Amino acid sequence: MAEGARGRGLLAGHMARALRAIRRHLAAVDLVIEVADARAPALTRNPHLARAAGDKARVLVLARADLAAEGATRRWLAHFARQGVRALAVDAVGGAGVERLRALMQERGQAGPCRAMVVGVPNVGKSSLINRLAGRARAHTGALPGVTRGPQWFRVGEALLLDLPGVLPPFIRSRETLARLAALGVVGTDACPAAEAALVLIEELRRLAPRELELTYGLRSELGPPEAVLEEIGRRRGCLVAGGRVDLERAGEALLKDFRLGKLGRVTLEEPPAAGDAGPGDEGG
């Protein structure tokens, strides 16, 4: 079997198992909390989750809102509101938006303690959100996708949260899509090398935050193509090998790390469809 076909088969199998787990636990919860990355709210959602949740009440949490452009987040929230999707922007580290989510959970649990299921693609901030809600580090967190290995229940005040393993997107539309997911940390370097993801990210940063890119690495604004930018970043970060050559993979890793930590400013990698345009379908919960 070709390597690409084998990889797609593994992803499909992983997704199918995760969706079965969601359906299996659905009857035990009052609310489904779907978590996506505010820097790419459509790209980091799995469209199959809405169908798996059925008519169960849902809320979409745009996590890591502190790393996303504020104006873009407002446009995304307005877009989801037009679709009838209840969505909240949350910064699980700083706490912004967390109390609104707590209030929503209390509202859903009026007949008793709320039981909520937390779902989403890998490494979009699910565990950090659970930890913030719980007030201490209860869920495992990590820099690599897929840290959550199995269903885990956590107590949050009187409420209970069910953390399920991450669900990878069902398909990758292009290498560029894969590179964006790698830049966000949703997929690892085994799926997309850091240097390849960094080149796509450089193109995005030159369009969205050119000044921050230049200032962070001391670059010249007239610097050439993305490959030249990545090489210069590698030189300035000391990512060198024998002969003074730049290790582009290490340079890519350094850039991706800086981006994920917000060192290049607040950047959103995708915009919602304009009002009136057809966008990714969803149904409110």
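Scroll up a little and you will see the structure.
About the cut-offs
- Residues numbered from 1 in each chain as written.
- Predicted model: local features only at pLDDT ≥ 70, side-chain atom pairs only at ≥ 80, totals over all residues.
- Heavy atoms only, no water.
- Core = buried A, V, L, I, M, F, W, Y, C linked by side-chain atoms within 4.5 Å.
- Buried < 20%, exposed > 50% of the residue type's maximum accessible area, 1.4 Å probe, protein only.
- Contact = heavy atoms within 4.5 Å.
- Pairing = 2+ DSSP bridges.
- Helix = DSSP H or I, 4+ residues; strand = E, 2+ residues; numbered from the N terminus.
- Axes fitted to C-alpha atoms, helices over the stretch in contact; angles between N-to-C directions.
- Patch = residues over 30% accessible without salt bridge, like charges linked within 9 Å, V, L, I, M, F, W, Y side chains within 5 Å.
- Areas by Shrake-Rupley, 256 points an atom, 1.4 Å probe, with all protein chains shown as cover.
- Salt bridge = Lys/Arg side-chain N within 4 Å of Asp/Glu carboxyl O.
- Lys, Arg positive; Asp, Glu negative; His and termini not counted.
- Charge placed at Lys NZ, Arg CZ, Asp CG, Glu CD.
- Polar contact = N/O pair within 3.5 Å; in protein donor to acceptor, adjacent residues only side chain to side chain.
- Parallel < 35°, antiparallel > 145°, perpendicular 65-115°, else oblique.
- Left-handed = near helix turned anticlockwise from the far one by under 90°.
- Nonpolar A, V, L, I, M, F, W, Y, C, P; charged D, E, K, R; others polar.

Once that is clear, we can look at the nonpolar core. Counting residues in each nonpolar core, the largest one holds 62 residues, and the members touching the most others are Ile-33, Leu-101, Met-105, Leu-161 and Leu-255. Leave out the neighbours within four places in its chain, and Leu-161 touches Ile-33, Met-105, Ala-116, Val-118, Ile-130, Leu-133, Gln-152, Trp-153, Phe-154 and Val-156. In this structure, Ile-22, Leu-26, Ala-52 and Met-117 belong to the second largest nonpolar core, which totals 15 residues.

Attention now goes to the sheet that holds strand E3 (residues 87–89). Strand pairing in a sheet relies on backbone hydrogen bonds, with the paired strands running either antiparallel or parallel. Within the open sheet, the six strands sit side by side as E3-E2-E1-E4-E6-E5. Their pairing is mixed. Taken across any chain shown, the strands that pair with only one partner, and hence form the sheet edges, are E3 and strand E5 (152–156). Averaged over all pairs of adjacent strands, the angle between strand axes in this sheet comes to 25 degrees, irrespective of strand direction. As paired elements, E5 and strand E6 (residues 159–163) share five bridges and run antiparallel to each other. Note on E6: the bridge partner recorded for Phe-154 is Leu-161. Strands strand E2 (58–63) and E3 of the sheet are contacted by helix H3 (residues 70–82), whose axis makes an angle of about 170 degrees with E3. Of the strands in this sheet, strand E1 (31–37), E2, E3, strand E4 (115–120), E5 and E6 are in contact with helix H4 (residues 98–108), which crosses E1 at around 160 degrees.

Turning next to the environment of Leu-264. Relative to the elements of secondary structure, Leu-264 occurs in the segment after helix H10 (248–260). Classification of Leu-264 by relative accessible area gives buried; the value is 2%. Setting aside residues up to four positions removed in sequence, Leu-264 forms contacts with Leu-205, Ala-209, Glu-212, Leu-213, Thr-216, Tyr-217, Leu-255, Asp-258 and Phe-259.

What follows covers a positive patch on the surface. A surface patch of like charges, here positive, comprises Arg-17, Arg-20, Arg-23 and Arg-24. With respect to the helices, strands and loops of the structure, Arg-23 is situated in helix H1 (residues 3–25).

Within the secondary structure layout, Glu-34 lies in strand E1. Within the structure, Glu-34 has its side chain in polar contact with the side chain of Arg-45 (distance 3.0 Å). Other than its neighbours up to four places away in sequence, Glu-34 contacts Arg-45, Asn-46, Leu-49, Arg-58, Val-59, Leu-60, Val-61 and Val-119.

Between helix H7 (residues 194–208) and H10, the shortest axis-to-axis distance is 8 Å and the interhelical angle comes to 50 degrees. It follows that H7 is oblique to H10 by the angle criterion. Of the two elements, H7 crosses H10, and the hand of that crossing is left-handed. Only Leu-248, Glu-249, Gly-252, Glu-253, Leu-255, Leu-256 and Phe-259 of H10 make contact with H7, whose side of the interface consists of Ala-194, Ala-195, Ala-197, Ala-198, Leu-201, Ile-202 and Leu-205. Broken down by class, the residue content of the contact of H7 with H10 amounts to eleven nonpolar, one polar and two charged.

This next bit is on the pattern of salt bridges. For the coordinates displayed, the defined rule picks out 16 salt bridges. In this structure, Glu-204 engages Arg-207 in a salt bridge whose closest nitrogen and oxygen atoms are separated by 2.5 Å. Taken as a pair, Glu-204 and Arg-207 lie in helix H7 at a separation of three residues, close to a single helical turn. A relative accessible area of 5% places Glu-204 in the buried class. Residue classification places Arg-207 among the exposed residues on the basis of a relative accessible area of 55%. For Glu-214, the salt bridge identified is with Arg-211, shortest N-O distance 3.7 Å. Of this pair, Glu-214 and Arg-211 both sit in helix H8 (residues 210–217), three residues apart, which is roughly one turn of the helix.

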